[in-house]
Amino acid sequence: MEPLEREDEQLALARLLEQAWNGRGGAVLIEGPAGNGKSRLVEHVRALAKQRGFGRLYGIGDEAEQAMPWGVVRQLVDRYAMRYAGAARALALSGPAERALATLDAAPEGSDPRDAAALARTLHALWWLTVDLAAARPMLIAVDDAQWSDASSLRFLTYLTRRMADLPVALVVATRPPTGPGGPLVELTAGRIGVRLMPRPLTGAAIGELAVRRGESARPEVVAAVEQASGGNPLLAGQLFDELATRSLRLDSAGTAQAIPRLGPPSVSRSLLAGLSGSASALAAAAAVLGGHCDMGWAAELAALEPVACTAAVDELVAGHVLTGSTDLAAAELGFVHPVVRESVLAGLPPGTRAELHARAAALLHRRGAAAALVAA
Ligand SMILES: Nc1ncnc2c1ncn2[C@@H]1O[C@H](COP(=O)(O)OP(=O)(O)OP(=O)(O)O)[C@@H](O)[C@H]1O
Ligand SMILES: [Mg+2]
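Residues numbered from 1 in each chain as written. Chains lettered and ligands numbered in written order. Predicted model: local features only at pLDDT ≥ 70, side-chain atom pairs only at ≥ 80, totals over all residues. Heavy atoms only, no water.

**Looking at the layout of surface pockets**
Okay, so step 1: Its boundaries defined by the atoms lining it, the second largest pocket holds a volume of some 220 Å³.
Okay, so step 2: Along the walls of the second largest pocket sit 18 residues, with Gln66, Gln147, Pro178, Thr179 and Leu185 positioned nearest its centre.
Okay, so step 3: Sorting the residues of the lining of the second largest pocket by element identifies α7 (151-162) and α8 (184-189) as the ones contributing at least two each.
Okay, so step 4: At three residues, the largest contribution of residues to the lining of the second largest pocket is made by α8.
Okay, so step 5: Class assignment for the residues of the lining of the second largest pocket results in nine nonpolar, seven polar and two charged. (1 Å grid on protein atoms, 1.4 Å probe; cavity = no way out; pocket = protein on both sides within 12 Å on 5 of 7 lines; lining within 4 Å. Points joined across faces, edges and corners; volume = space filled by probe spheres on them. Helix = DSSP H or I, 4+ residues; strand = E, 2+ residues; numbered from the N terminus. Nonpolar A, V, L, I, M, F, W, Y, C, P; charged D, E, K, R; others polar.)

Structural data, given as structure tokens:
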């Protein structure tokens, strides 16, 4: 379904693709707070690029992988190659993708200033690979959650923005606003980005439409109350509707409007977590400490849950809109419905419990042979 009230943004993204198609490369930055619809726009531009016949590279910053040099660039290449099967895959891998992976394997970690020359060579090599890929057909490079990208990958994106004007390449980067005064994310976002999109809060009309999309019709005072409580943030508005449904508060009932202010935006994520059983809370806490996406077995071990209890807890968390995921033990990955929900879980832990979980998670990952750096801070 089309995002609501994002016509200007969609137009800017369509223009970016059109110009890239005609050999004029450019970058669009989508910036804004949690839940204001950045990923939704990234999804939109990817679908549009597919329709128009662009080659597509896509990567997502992950808080738990931020310390892994070139993590996002590697993802761009890996996901590209994964899209192919059989002979086409071998071909995709034997061309620029294979060279990219070889370049990254030999690349310096980027933290040592003495590596500056080697880093410059790597950036240059990656740039040439982009040129090669784009020679076959115009490319969209989309990076979401750039606030959690590793620094080396951000440096490459910045490098690209400076040298893409005559390449058939469109770059779209979505990020929450940078938090510190400097660093590679600030360099990228303050640098040579052609267009900056800051998706605005939804109006009451769009919030009413959200209710219609859920198969309900909301009274104007209920819409106004949801708008007020969510600040027009689409994520919070959606969560508020979920919460009202859970509490059997109808959108066409006047009394609901009075109940909403008591729920308030900060309560929305928390309310998803309130009322969870002990084992579901423990599993959610373990998964939150392990990162945005984590291995179900590790989370179960950290939460000290037996497989049967773990499956029940996953069921409960999926039904309660806390986790996406499956109870299929073979699938074995847990992910939160939204980073905001994971942050609420972390924020809801008493400091002592949180520190202890972090320490146990580090020990667990160490035992399992994973880098301690993967434990989210
Ligand atoms: N314009 C819109 N119209 C309708 N629904 C929207 C719109 N924008 C976002 N949403 C919905 O709101 C939720 C949050 O959106 P999204 O995940 O895109 O936010 P985000 O900005 O990427 O958040 P984060 O910073 O946490 O990554 C999603 O369920 C999404 O489908
Ligand atoms: Mg997002």
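That shown, we press on.
**Considerations on the state of the cysteines**
Okay, so step 1: Counting across every chain of the model gives zero disulfides.
Okay, so step 2: As a non-bridged cysteine, Cys294 has Cys310 as the owner of its nearest cysteine sulfur, 9.6 Å distant.
Okay, so step 3: Exposure remark for Cys310: the relative accessible area of 2% places this residue in the buried category. (Disulfide = S-S within 2.5 Å. Buried < 20%, exposed > 50% of the residue type's maximum accessible area, 1.4 Å probe, protein only.)

**A closer look at the sheet that holds strand β4 (residues 169-175)**
Okay, so step 1: Spatially, β2-β3-β4-β1-β5 is the arrangement adopted by the five strands of the open sheet, whose pairing is parallel. The two strands at the open ends of the sheet, each matched to only one other strand, are β2 (55-60) and β5 (195-197). Strand-to-strand twist of the sheet, defined as the mean angle between neighbouring strand axes without regard to direction, takes the value 15°.
Okay, so step 2: Examined bridge by bridge, strand β3 (residues 139-144) and β4 share five bridges and lie parallel to one another. Paired with Leu140 across the two strands is Ala170, which belongs to β4.
Okay, so step 3: Sitting on the sheet, helix α1 (residues 7-21) touches β1 (26-31), β3, β4 and β5, and the angle it makes with β4 is about 150°.
Okay, so step 4: Here helix α3 (residues 71-82) sits on the sheet in contact with β2 and β3, set at roughly 135° to β2. (Pairing = 2+ DSSP bridges. Axes fitted to C-alpha atoms, helices over the stretch in contact; angles between N-to-C directions. Contact = heavy atoms within 4.5 Å.)

**Brief notes about the confidence of the model for the chain**
Okay, so step 1: Per-residue pLDDT for the chain averages 86, and the proportion of residues at 70 or more is 90%.
Okay, so step 2: Looking across the chain, the model is least confident in helix α4 (residues 86-94), with a mean pLDDT of 68, and most confident in α1, with 98.
Okay, so step 3: Low confidence marks residues 371-377, where pLDDT is under 50. Its contacts with residues over four positions away, or in another chain, come to 19 contacts. (pLDDT = per-residue confidence, 0-100.)

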